Structure formats: structure tokens, C-alpha cells
Amino acid sequence: YVIPAAAGGAVDIYGRVMKKILDASGALGGQSFVISNRPGGSGMIAAAPLLQRPGDAHIFSMLSTGFMLGQVLGQFKHDLLRDFTVGPIFFEEALAVAVRADSPFKSATDLVAQLRRDPGSVRIAVAPNLLNHIHIGLLKPLAAAGVDMDRLTVAAFRASSESVVALMGGHVDVVSSSAANVVEGVRNGSLRALAVSSEQRLKGTLAQVPTWKEQGVNAAFTSVQGVYFPKDLSAAQIAFWDAQFQRMAAAPEWLATLAQYEVTPRFMNHAQASAYVRNEISSATGLLRELK
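Residues numbered from 1 in each chain as written. Predicted model: local features only at pLDDT ≥ 70, side-chain atom pairs only at ≥ 80, totals over all residues. Heavy atoms only, no water.

Draft legend 1. Quick look at the environment of Ser 178. Within the element layout of this structure, Ser 178 appears in strand S7 (residues 174-178). Considered as a pair, Ser 178 and Gly 9 are 169 residues apart in the sequence and their alpha carbons are 9.5 Å apart. In terms of polar contacts, Ser 178 uses its side chain to reach the side chain of Asn 181, at 2.6 Å. (Helix = DSSP H or I, 4+ residues; strand = E, 2+ residues; numbered from the N terminus. Polar contact = N/O pair within 3.5 Å; in protein donor to acceptor, adjacent residues only side chain to side chain.)

Pasting the structure below:
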């Protein structure tokens, strides 16, 4: 599993739970599930080994809404549907905006007010690259709130785990990340989540965090995560992985992990995920045009 992010973030954690479940299932015929972290290049570094192995169902990488956006922008310089085989999608996640517990920003309303006054005065961290789903999850509500997008100060880190470390060290003021990456900090009191990007509030630790809409900003955004394989997989290979991942998606340990990190199970098999990706790439064109 080639993960397009550094170790330690939510994507890496999900991959390691995946490994544990698939290794224990015996479905891989005694072969070990190997994780390779290859961050950078807007996902291009992780995609490279898949491009070299058409028809090989022994390697795959992480698929997310960020890569669909990246394809539209030309950052991810491949066609997900033509150059690869879209595998199953596992879940949908909200994005969260968080600050340190001692931050002067007590709510998203405070953040928006400061950014309206001086858009460049707040140091914002995203990961693993600009204009991916994590970045868009912040840009969409800020644009709706009337903030000048062109003057924002935004830095990209290799993984949200690194952007959160930078926040805790005082190197940035605000982090936009998948909600999973701020749960522990909110739980232990070191972080304050200002808003979540979903239509409805999340459950668990982040249940008290209001949505952007609750704070007067008419915007919502979520992303999905799954996997993709090299192109030219056979029907039998696709069916094998559809079955394995569907079993994994129903495993108690997998569901417990998703609940812990406050993401919503949303399994789609190859055919359903392919149709979803086709539709999302089409709709992303309009979304990005709105934000430019």
C-alpha cells in the first residue's frame, strides 16, 4: 500500500489498521501487507510505481477527493479513470479547523473577522499540498464569508500530523485538516476546534464543535477516501479486492477506528466508486472555478 503522506497522520493510521485486518484474514495467501509512505508531488510520487505495473493487483495507493481536485487543477498529472483502476471507497470525512487552546480565536466567527480585516495576518497550515481537499475544506467557507483568498498565508506540510506539530510549536496559527487529526488534541485539551465542514455536527469528541453553517457561513464540504490500482486489472482481480475490502469495511476493528476518528463509513465497490469519481471530477471543475 503506497501511502501519499508521511507516517503518523490519519491516512497512515487507517493503512496500518487495514494491514492488521487483511494480514489476519488469511486472504493474502500468507503474503505480508507492506506499507510504503511516499509523500509529496501532489500524489505523483505515490502514483509512480503503479504506472509501472499495469495489470498488477499486488500494489495500490490511496484515493481521495484531493486527487480528484488535483486532476482538475493539473497538479495530479494523470487521469484517475484512464490511467488507473479505481478501487473501493471506504468512508467520508469532514474537515476541521483548529487552533491551540490558548489561541485568541474562540470560534470560526473570530477567525473570519480577523481574516476579513487582514487576510495575510494568520498563518494557516494544510497538508499534504495546496488546493487539495483539506485546503478546499477551508477555502470554501472562507470564500463564502467574503475573505480575500488571494491574500491568505498558507503553508503545506507533508502530513496533517506535521501541521498539527507546527501548530503546537507556535509556527502556525491555524490548521485545516481531516477531523481525525485533531480529535486527540481536542480530547486532551491542547487544541480547540473552531468548526467542522460537514452539514451536521460530528459525534463523539467533536460533538460540541459547531459547523460552519451554524456560525453563519453558508458552506459545507466533505471528502472521501479509498484506493486505486494500476490500470488493466482483470474482472477477477477487481472482484477479489471488492470482496476483501467489503469484508474489511464490516470488520469491528475497522468500524471502531472510523468511529474513533469520527469519519462516516460509506463503502462503494469498484463500479460504484468509478461512477462517483467520474461525477466528482465533473463537479470539482465548477467548485474550483468558484474559488478562483
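Draft legend 2. Here's a closer look at the nonpolar core. Among the nonpolar cores identified, the biggest contains 51 residues, and Tyr 1, Tyr 14, Met 18, Phe 60, Phe 245 and Trp 254 are the most heavily contacted of them. Per element, the largest residue contribution to this core is 7 residues, and it comes from helix H1 (residues 10-25). Among residues more than four places away in sequence, those in contact with Met 18 are Tyr 1, Phe 33, Phe 60, Phe 90, Phe 245, Met 248 and Trp 254. Ranked by size, the runner-up nonpolar core spans 31 residues in total, among them Ala 108, Ile 124, Val 126 and Ala 284. (Core = buried A, V, L, I, M, F, W, Y, C linked by side-chain atoms within 4.5 Å. Buried < 20%, exposed > 50% of the residue type's maximum accessible area, 1.4 Å probe, protein only. Contact = heavy atoms within 4.5 Å.)

Draft legend 3. Looking closely at the packing of helix H8 (residues 235-250) against helix H9 (residues 252-260). Where H8 meets H9, the axes come as close as 5 Å, and the angle between the chain directions of the two elements is 60°. Of the possible angle classes, the one that applies to H8 and H9 is oblique. Facing H8, whose interface residues are Met 248, Ala 249 and Ala 250, H9 presents Pro 252, Trp 254 and Leu 255. Split into classes, the residues belonging to the contact of H8 with H9 amount to 6 nonpolar, no polar and no charged. (Axes fitted to C-alpha atoms, helices over the stretch in contact; angles between N-to-C directions. Parallel < 35°, antiparallel > 145°, perpendicular 65-115°, else oblique. Nonpolar A, V, L, I, M, F, W, Y, C, P; charged D, E, K, R; others polar.)

Draft legend 4. Examining the packing of H1 against H9 more closely. For the pair H1 and H9, interaxial distance at closest approach is 10 Å and the crossing angle is 170°. Judged on the interaxial angle alone, H9 and H1 are roughly antiparallel. Of the two possible hands of crossing, H1 and H9 adopt the one that is right-handed. Together, Tyr 14, Val 17, Met 18, Lys 20 and Ile 21 of H1 and Glu 253, Trp 254, Thr 257 and Leu 258 of H9 make up the contact between the two elements. Taken together, the residues that form the contact of H1 with H9 break down as 6 nonpolar, 1 polar and 2 charged. (Left-handed = near helix turned anticlockwise from the far one by under 90°.)

Draft legend 5. The packing of aromatic side chains, seen in detail. In the structure shown here, the tally under the stated rule is 18 aromatic pairs. Ring plane angle 35° and centroid distance 6.1 Å describe the contact between Phe 76 and Phe 84, whose orientation is recorded as tilted. Phe 76 gets classed as buried once you look at its relative accessible area, which sits at 1%. Judged by centre distance (5.1 Å) and plane angle (55°), the ring pair of Phe 90 and Phe 245 falls under tilted. In this pair, Phe 90 sits in strand S4 (residues 84-100) while Phe 245 sits in helix H8, placing the two residues 155 residues apart along the sequence. Taken as a pair, Phe 90 and Phe 245 share a single burial class, namely buried. Linked through ring pairs, Tyr 1, Tyr 14, Phe 33, Phe 60, Phe 90, Phe 91, Phe 229, Phe 240, Trp 241, Phe 245, Trp 254 and Tyr 261 together constitute an aromatic cluster. (Phe/Tyr/Trp six-rings, centres within 6.5 Å; stacked < 30°, edge-to-face > 60°.)

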